[in-house]
Amino acid sequence: MERRNQAVLSCFGTSQITYRRPTTVAWWSAAFPGFGHMLLNMHLKGNILFLFEIVINVNSQLNLATVYTFSGQFEMARNVLNTRWIIIYIPFYIFCIWDSYRSTIDVNKLFLLTEPLPVHMPVYVMKNFELCYLDKRIPYAASIWSLFLPGLGQLYNRRTLTAFSLLVWTLVITFYSRDLESLQLLFEGDFIHSTEKVDMEWLLFIPSLALGAAFDAYVTTIEYNRLFEREQRDFIHEKWQSNDFKPSFLKNGE
């Protein structure tokens, strides 16, 4: 049995060690604290940071102040901003970026140790409540479903824990932002009430959540497809390829 496993398949999802760019993960942590850790399959830490981001952001009214700032209403932005919560938010925000960057470097070191090793893992897990198996999927399909509703792309990839987390956060943010009610009024031509109905404090969470979920679903699908190919290649090599086999394009002694 390998000292370090490359991937684990279970009914709650597939976790694997992959190479990530630290700057990319840190950028997603800056866009939405907690997302960078979820990209590293650190779901528990990511959801804790998700929760703290929403609680601190809403109480500090940072998103509302951002809207006033970009619309040129600097005095209103200064008045709505709660400095007591902002002081808490600053070290929290910096920690999320720093810790995701540091964690990515550590995971990349593990990847370098496990990448040369053959993949040894079950290709399907059958339980009374779920059937999970390793196969190939379409990256664009996963990304598009996550754009429609964050979490559906992860559900398509059978990342059950990640999908459940993103779907719950999507429902909470959609409910409090009232974006669907505002969209309905907009389609009916009631522009004034459509603008008044939406809560900008919660609405600004949606772009980061949707784009982050789409990015995560896309890159994860590609990684799962590579894992499927590697496991199949290593299995055929160990079980079927003869030890005396020599590729014809190699010369003697190579």
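Here, every reference points to the structure presented above.
Residues numbered from 1 in each chain as written. Predicted model: local features only at pLDDT ≥ 70, side-chain atom pairs only at ≥ 80, totals over all residues. Heavy atoms only, no water.

> Give a description of the nonpolar core that names residues and reports values.
Counting 14 residues, the largest nonpolar core has F32, F35, F50, I54 and L209 as its most contacted members. If you list the elements that add at least two residues to this core, you get α2 (35-39), α3 (43-60), α9 (160-177) and α13 (205-239). With near-sequence residues (within four places) excluded, L209 lies in contact with F32, F35, F50, P150, L166, W169, T170 and I173. Grouped together as the second largest cluster of nonpolar side chains are nine residues, V119, V125, C132 and L134 included. (Core = buried A, V, L, I, M, F, W, Y, C linked by side-chain atoms within 4.5 Å. Buried < 20%, exposed > 50% of the residue type's maximum accessible area, 1.4 Å probe, protein only. Helix = DSSP H or I, 4+ residues; strand = E, 2+ residues; numbered from the N terminus. Contact = heavy atoms within 4.5 Å.)

> With reference to specific residues and values, describe the side chain of D99.
With respect to the helices, strands and loops of the structure, D99 is situated in helix α6 (residues 83-114). You can call D99 buried: its relative accessible area is 3%. Not counting the four nearest positions on each side in its chain, D99 is found in contact with H37 and K45.

> Before we move on, could you go through the pattern of salt bridges and cite the residues and values that matter?
In total, this model carries 11 salt bridges according to the counting rule given. Two residues, D99 and R102, come together in a salt bridge whose shortest N-O distance is 2.6 Å. Pair noted here: D99 and R102 are both in helix α6, with a separation of three residues, about one helical turn. Linking E229 and K136 is a salt bridge whose minimum nitrogen-to-oxygen distance equals 2.7 Å. You can see E229 sitting in helix α13 and its partner K136 sitting in the loop between β4 (131-133) and α7 (139-148), a full 93 residues away along the chain. (Salt bridge = Lys/Arg side-chain N within 4 Å of Asp/Glu carboxyl O.)

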